[in-house]
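# Reading the structure
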Amino acid sequence: MLTPKDRLHNILKGNKVDRPPCICPGGMMNMIIEDVMDITGVTWPSAHTNAQMMADLTEGVYENKGFENFGVPFCMTVEAEAMGAKVYMGTKVNEPRVIEYPIESVADYTKLQYINVNEGRAKVVLDAIKILKEKNKEVPIIANLTGPISLASSLMEPITFYKQLRKKPKEAHEFMEFVTKNLITFGRAQLEAGADVLTISDPSGTGELLGPKMFREFAVPYLNEIINSFKDIKDKGTIIHICGRLKSIYDELNTLNSDAISFDSITSATKVVENVTNKAIMGNISTFALENNTPEKLKNISNICLHNGVDILSPACGIGPRTKLENIQAIVETAKRYKK
Amino acid sequence: MELKEKLLKELCSCVVDMEDERVEDVAKEYIENNFDGYEGIKDGLAVGMEEAGRLYEEEEYYIPELLICSDAMYAGIDILKSNIKGDSAKEKYKAVVGVVEGDTHDIGKNLFKIMLETAGFEVYDLGRDVPSIEFINKAKEVGANLIGLSTLMTTTMENMEEVIELLKEQNIREDIIVMVGGGAISQSYANKIGADGYAREASKAAKLAKELVQNLKKLKSA
């Protein structure tokens, strides 16, 4: 029988496997719930700033028959904070969030700090990955990056940012290039620390917000620049998560160089399977359903997702921390029993 | 073509075509000819914004375009409001809008606000990451007809229910329309927590807002 790590690796490389894995990557696609905090005795917000706690918490999800992966961190503010944004660490059931932007215009990007992976929460994340790696479990460690558009719009007022993509395209590209360089540094450090897979989630860089033309101009090249920069690190997988409706950008998704694509529950998995032909399809159980339905109902929803052709079963977004453990166990169980 | 009509058309096209700098010159010329500012907003700028909203629904325009159109509209309003005559400003409905506590994504809320304003609402924007009680306090202070709550995140949806509960506690739930929206929200969630209205698109939400407030007024005067 395949280990969870081998199974995910094979799926990402386009090989046949015994059955689909069920994962939730972490980062913006948070995988941590209150039930597991109570079982492990490790809670938010402390776990955001302590490597051992971060490792224990994500391990707790797997050990309690949750998702078949480890995934750190649990938010999308690590990079923004390292570059100068002020972050509020949230509560036990609320994720950290940016509360003060360091710059006011795309042209101000030279005032930003370059991510230093040897300090702050960037280091905490790397240390957590090393702790998990040392345990040498058969479980894939998934590291996470905030997507370039989402990071850019966490460093300045998003409304101004979106307008300046149109009004100051030259400076906006320079800013995006700077943001991308920082992400490559942090992403590479996470892979070198021992992560098996890297997920890039770009909830603010969607076709629905930007439209296909701007998605092609401002999202695709930078996402690909990041993915391509890791090609020399062997045996690593990559996943890109895009929020919102995808119908306007199917063509563009085929030009992304990641091994897998993950997407929102408002987009039909059948349509993505049909239209995106060159990568593994991951998704797309509604996180609302995951939090508010019964385990029985969730088994049905999971089976529908799998019948629709997803290669990797997973929530369509970060899960709410109030989601019950038994609900997560139900979807993992469904993937384990699934036969094509 | 009559000068006034020509300028109204130009105000409209400045908004649609995202000419947020030229709109000021047109608005100034309009005022210099002593035309009514309210009509300039209603028959010029708002028409342009409606057209922009239509282009958005048709997926010609996306968020960046819509935001620049609304900048042009506001730049025009700033100048035109100096010449609003007599009682042309009819009864205005009042709305309090904001993103619930725990979420800082406010694009949806901003679009809703813009569309409410073009539908004739006076809008009090509480911004993002707003504690539930602040919606109640502001609504009471200004005598709001409507509260609009937005969130993009599953994790903060429960705070919408909390606002509705607070309205009940204060015995003013019946007086105020509550609308909810945002990425995480669906019609079934709106029904579940007892909100009065939900719509996926900001422009449709604003139309619905007006209907709901008008219905409530009729109901109360009946």
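Here the structure is a predicted model, which is why all the values come from computation and not from measurement.

## Some details on the overall build of chain B
Counting secondary structure elements, chain B contains nine helices and five strands. Counting helices and strands in the order they occur from the N terminus, chain B gives α-α-α-α-β-α-β-α-β-α-β-α-β-α. Each principal axis of the C-alpha distribution contributes one length, and for chain B these read about 55 × 40 × 25 Å. Among the 222 residues that make up chain B, the fraction classed as buried is 56%. In chain B, of all internal contacts separated by at least 6 residues, the share reaching a separation of at least 24 is 74%. Split by element, the accessible area of chain B, about 9,900 Å² in all, is 47% carbon and sulfur.

## Comments concerning the packing of aromatic side chains
Throughout the structure, instances matching the rule amount to ten aromatic pairs over all chains. Between Phe288 of chain A and Tyr189 of chain B, the ring centres sit 5.7 Å apart and the planes meet at 90°, which makes this aromatic pair edge-to-face. Of this pair, Phe288 of chain A sits in helix 12 (residues 287-292) while Tyr189 of chain B sits in helix 8 (residues 187-193), on two different chains. By relative accessible area, Phe288 of chain A is classed as partly exposed at 22%. Residue class for Tyr189 of chain B comes out buried when judged on its relative accessible area of 2%. Aromatic side chains Tyr93 of chain B and Phe121 of chain B sit 5.6 Å apart centroid to centroid with 50° between the ring planes, which places their arrangement in the tilted category. Placement of the pair is Tyr93 of chain B in strand 1 (residues 93-99) and Phe121 of chain B in strand 2 (residues 121-125), with a sequence separation of 28 residues. Of the residues examined, Phe121 of chain B reaches a relative accessible area of 1% and is grouped as buried. The rings of Tyr109, Tyr114, Phe161, Tyr162, Phe175 and Phe178 of chain A are connected pair by pair, giving a single aromatic cluster.

## Some points on the nonpolar core
In this structure, Phe67, Phe161, Phe175 and Leu253 of chain A together with Leu116, Phe121 and Leu146 of chain B are the most contacted members of the largest nonpolar core, which totals 162 residues. In contact with Phe161 of chain A, not counting residues within four places along its chain, are Val106, Ile149, Ala152, Ser153, Met156, Phe175 and Met176 of chain A. In this structure, Val96, Ala139, Tyr189 and Ala195 of chain B belong to the second largest nonpolar core, which totals 27 residues.

## Topic: the interface of chain B and chain A
Chain B puts 28 residues into the contact, and the matching count from chain A is 32 residues. Considering only the side of chain B, the residues that lose the most area to chain A are Tyr62, Thr154 and Thr155 of chain B, jointly responsible for 22% of the buried surface there. Summed over the shared surface of chain B and chain A, the number is eight salt bridges. Put simply, Lys247 of chain A and Glu59 of chain B hold a salt bridge, and the shortest N to O gap is 2.9 Å. Along the contact surface separating chain B from chain A lie ten residue pairs in polar contact (both at pLDDT 80 or more). Broken down by secondary-structure element, the contributors of at least two residues to the side of chain B that touches chain A are helix 4 (63-80), helix 5 (107-118) and helix 8 of chain B. At six residues, the largest contribution of residues to the side of chain B that touches chain A is made by helix 4 of chain B. For the side of chain B that touches chain A, the per-class residue count stands at nine nonpolar, six polar and 13 charged.

## Things to note about the sheet that holds strand 7 (residues 260-263) of chain A
Residue and element names in this part refer to chain A. One open sheet holds the seven strands; their spatial order is 1-4-5-6-7-8-9, and the pairing between them is parallel. Pairing within the sheet leaves two strands with one partner each, and these edge strands are strand 1 (70-71) and strand 9 (312-315). By the bridge criterion, three bridges tie strand 7 to strand 8 (residues 280-285) in an arrangement that is parallel. The residue of strand 8 that forms the bridge with Ala260 is Ala280. Where helix 8 (residues 169-193) meets the sheet, its contacts fall on strand 4 (141-146) and strand 5 (197-201), and the angle it forms with strand 4 comes to roughly 175°.

## Quick look at the UniProt feature "domain: Uroporphyrinogen decarboxylase (URO-D)" (unreviewed entry) in chain A
According to UniProt, the feature "domain: Uroporphyrinogen decarboxylase (URO-D)" (unreviewed entry) maps to residues 3-338 of chain A in the numbering used here. When the span residues 3-338 of chain A is considered, its composition is 47% helix and 12% strand, and the gap between its end C-alpha atoms is 16 Å.

## Quick word on the pairing of strand 2 of chain B
Residues in a regular strand point their side chains to alternate faces of the sheet. Residue and element names in this part refer to chain B. Bridge count for strand 1 against strand 2 is five bridges, and the pairing is parallel. Across the sheet, the residue bridging to Lys94 is Glu122, located in strand 2. The β-α-β motif built from strand 1, the intervening helix 5 and the parallel element strand 2 has right-handed crossover chirality.

## Re the sheet that holds strand 5 (residues 197-198) of chain B
Residues and elements named next belong to chain B. Taken together, the five strands give an open sheet; going across it, the order is 2-1-3-4-5, and neighbouring strands pair in parallel fashion. Lying at the two open borders of the sheet, with one neighbouring strand each, are strand 2 and strand 5. Note: strand 4 (residues 177-181) against strand 5, two bridges, orientation parallel. Bridged to Met179 within strand 5 is Gly197. Helix 5 contacts strand 1, strand 2, strand 3 (146-150) and strand 4 of the sheet and is inclined by roughly 155° relative to strand 2. Against the sheet, helix 6 (residues 132-142) touches strand 1, strand 2 and strand 3, its axis set at about 165° to strand 1.

## A look at helix 4 of chain B
Between its first and last C-alpha atoms helix 4 of chain B spans 25 Å; for 18 residues at 1.5 Å apiece the expected length is 26 Å, and the two agree. Taken across its 18 residues, helix 4 of chain B has 14 buried, putting it largely inside the fold.

Definitions and cut-offs
- Residues numbered from 1 in each chain as written.
- Chains lettered and ligands numbered in written order.
- Predicted model: local features only at pLDDT ≥ 70, side-chain atom pairs only at ≥ 80, totals over all residues.
- Heavy atoms only, no water.
- Helix = DSSP H or I, 4+ residues; strand = E, 2+ residues; numbered from the N terminus.
- Buried < 20%, exposed > 50% of the residue type's maximum accessible area, 1.4 Å probe, protein only.
- Contact = heavy atoms within 4.5 Å.
- Areas by Shrake-Rupley, 256 points an atom, 1.4 Å probe, with all protein chains shown as cover.
- Phe/Tyr/Trp six-rings, centres within 6.5 Å; stacked < 30°, edge-to-face > 60°.
- Core = buried A, V, L, I, M, F, W, Y, C linked by side-chain atoms within 4.5 Å.
- Buried area = accessible area lost by both parts, 1.4 Å probe.
- Salt bridge = Lys/Arg side-chain N within 4 Å of Asp/Glu carboxyl O.
- Polar contact = N/O pair within 3.5 Å; in protein donor to acceptor, adjacent residues only side chain to side chain.
- Nonpolar A, V, L, I, M, F, W, Y, C, P; charged D, E, K, R; others polar.
- Pairing = 2+ DSSP bridges.
- Axes fitted to C-alpha atoms, helices over the stretch in contact; angles between N-to-C directions.
- UniProt positions renumbered as here; feature names shortened; annotations may be inferred.
- Right-handed = clockwise from strand over helix to strand, strands pointing away.
- Expected span 1.5 Å × (residues − 1).

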